[in-house]
Amino acid sequence: LLAAAVAEHFPQQGGHAMLAASAGHALRAAGLPDEARRAFERAVGLMRVLPDPINLAKTLRALAWVTFGESDDIAHDSEREDVLDSVLLLFAEAARVLDAAGASPEYERDAQVIAYEIAETDDQLARLHLNAELADKAMPYAARAAAGFMALLPHRRMDSDSSEQVVPWRRD
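Remember, it's a predicted structure, so these values are computed and weren't measured experimentally.

(A) View of the overall build of the protein chain. Each helix and strand counted, the protein chain has 8 helices and 0 strands in total. Start at the N end of the protein chain and walk to the C end: the helices and strands fall as α-α-α-α-α-α-α-α. Residue pairs at least 24 apart in sequence account for 54% of intrachain contacts in the protein chain once pairs closer than 6 positions are excluded. As displayed, the protein chain offers around 10,200 Å² of accessible surface, 54% of which is attributable to carbon and sulfur atoms.

What follows is the structure in C-alpha cells.
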C-alpha cells in the first residue's frame, strides 16, 4: 500500500490503480480481507476513469469475491442477501464493461482477451451461485461460460471427443 500511496501523486494514474489492485491481491492472500476490500475499492475507483476495461473487470471481480467472503461472518439472512446483491452488482458492472469493450472498435485488437474475460466472468458467476447455495441459478452462467471458452478453442486441432473433455463439469 505504501507504493500505491506514493503513486497517488503520479500524473498517470494507471500505475496507481495497478499498485492498489496488486496490494488488494496481496492483502487477500495474507488473510486481511478488510484491507484487501479497501485496496480493491481504491483500484476500482481509479480504473473507472482509465481506458483499461479488462483490468477494471478483473478488479471488480476480485472486489466482488472479497465482499462475498465477508458474508461468512454475517448471521442474519437478510444481511447476507444484501451482501450477495452488492456482489452481483459488481459482477454485473464487470460484464457491462467487458460487453462495451467488446462492442467498441477501440478494443478490437483485444477481442480474444475480452471474449475470454467474458467467459471467465460467467464462470465466476456460476461458482458464486454454487458457493451461495443457489445451484439452480448457476447453470445458465456455467453453460454460457463453457460456450464462451469453447468458442476460443482452436477447432481445427481438436476433435469433439477432446473438446468435450475440456468442460466435463458441464454435463454433471
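(B) Quick peek at the nonpolar core. Ranked by size, the top nonpolar core spans 31 residues in total, and within it Phe40, Leu56, Leu60, Phe68, Val87, Phe91 and Leu128 carry the most contacts. Residue assignment for this core shows that the elements contributing at least two residues are α2 (14-29), α3 (33-47), α4 (53-70), α5 (77-103) and α6 (111-131). Of all the elements, α4 adds the most residues to this core, at 9 residues. Discounting chain neighbours no more than four positions away, the residues touching Phe68 are Val83, Leu84, Val87, Leu128, Asn131 and Ala132.

(C) Structural context of a negative patch on the surface. Residues Asp77, Glu79, Glu81, Asp82 and Asp85 make up a contiguous surface patch of negative charge. On the secondary structure map, Asp82 appears in helix α5. The class for Asp82 is exposed, based on a relative accessible area of 51%.

(D) The packing of aromatic side chains, seen in detail. According to the stated counting rule, one finds 3 aromatic pairs in the structure shown. Seen from their ring centres, Trp65 and Phe68 are 6.0 Å apart, and the 85° between their planes marks the pair as edge-to-face. Of this pair, Trp65 and Phe68 both sit in helix α4, 3 residues apart, which is roughly one turn of that helix. Residue class for Trp65 comes out buried when judged on its relative accessible area of 17%. Pairing Trp65 with Phe91 gives two aromatic rings, centres 6.1 Å apart and planes at 90°, and the pair type is edge-to-face. With a gap of 26 residues between them, Trp65 in helix α4 and Phe91 in helix α5 connect regions that are remote in the sequence. An aromatic cluster is defined as three or more aromatic residues linked by ring pairs; in this entry it consists of Trp65, Phe68 and Phe91.

(E) Examining unusual backbone geometry more closely. Here the phi dihedral of Glu133 falls at roughly 60°; this positive angle occurs in a residue that is not glycine. Mapped onto the elements, Glu133 comes out in the loop between α6 and α7 (135-152). By relative accessible area, which is 74% here, Glu133 ends up exposed.

(F) Highlighting the packing of α3 against α4. Two elements in contact, α3 and α4, have axes whose closest approach is 9 Å; the angle formed by their N-to-C orientations is 150°. Classified by the angle between their axes, α3 and α4 sit roughly antiparallel to one another. Considering only the axes of α3 and α4, their crossing is left-handed. Contact with α3, carried on its side by Pro33, Asp34, Ala36, Arg37, Phe40, Glu41, Ala43, Val44 and Met47, involves Asn55, Leu56, Thr59, Leu60, Ala62, Leu63, Val66, Thr67 and Glu70 of α4 and no other residues of that element. The residue makeup of the contact of α3 with α4, split by class, is 11 nonpolar, 3 polar and 4 charged.

Reading the values: the criteria
- Residues numbered from 1 in each chain as written.
- Predicted model: local features only at pLDDT ≥ 70, side-chain atom pairs only at ≥ 80, totals over all residues.
- Heavy atoms only, no water.
- Helix = DSSP H or I, 4+ residues; strand = E, 2+ residues; numbered from the N terminus.
- Contact = heavy atoms within 4.5 Å.
- Areas by Shrake-Rupley, 256 points an atom, 1.4 Å probe, with all protein chains shown as cover.
- Core = buried A, V, L, I, M, F, W, Y, C linked by side-chain atoms within 4.5 Å.
- Buried < 20%, exposed > 50% of the residue type's maximum accessible area, 1.4 Å probe, protein only.
- Patch = residues over 30% accessible without salt bridge, like charges linked within 9 Å, V, L, I, M, F, W, Y side chains within 5 Å.
- Salt bridge = Lys/Arg side-chain N within 4 Å of Asp/Glu carboxyl O.
- Lys, Arg positive; Asp, Glu negative; His and termini not counted.
- Charge placed at Lys NZ, Arg CZ, Asp CG, Glu CD.
- Phe/Tyr/Trp six-rings, centres within 6.5 Å; stacked < 30°, edge-to-face > 60°.
- Axes fitted to C-alpha atoms, helices over the stretch in contact; angles between N-to-C directions.
- Parallel < 35°, antiparallel > 145°, perpendicular 65-115°, else oblique.
- Left-handed = near helix turned anticlockwise from the far one by under 90°.
- Nonpolar A, V, L, I, M, F, W, Y, C, P; charged D, E, K, R; others polar.

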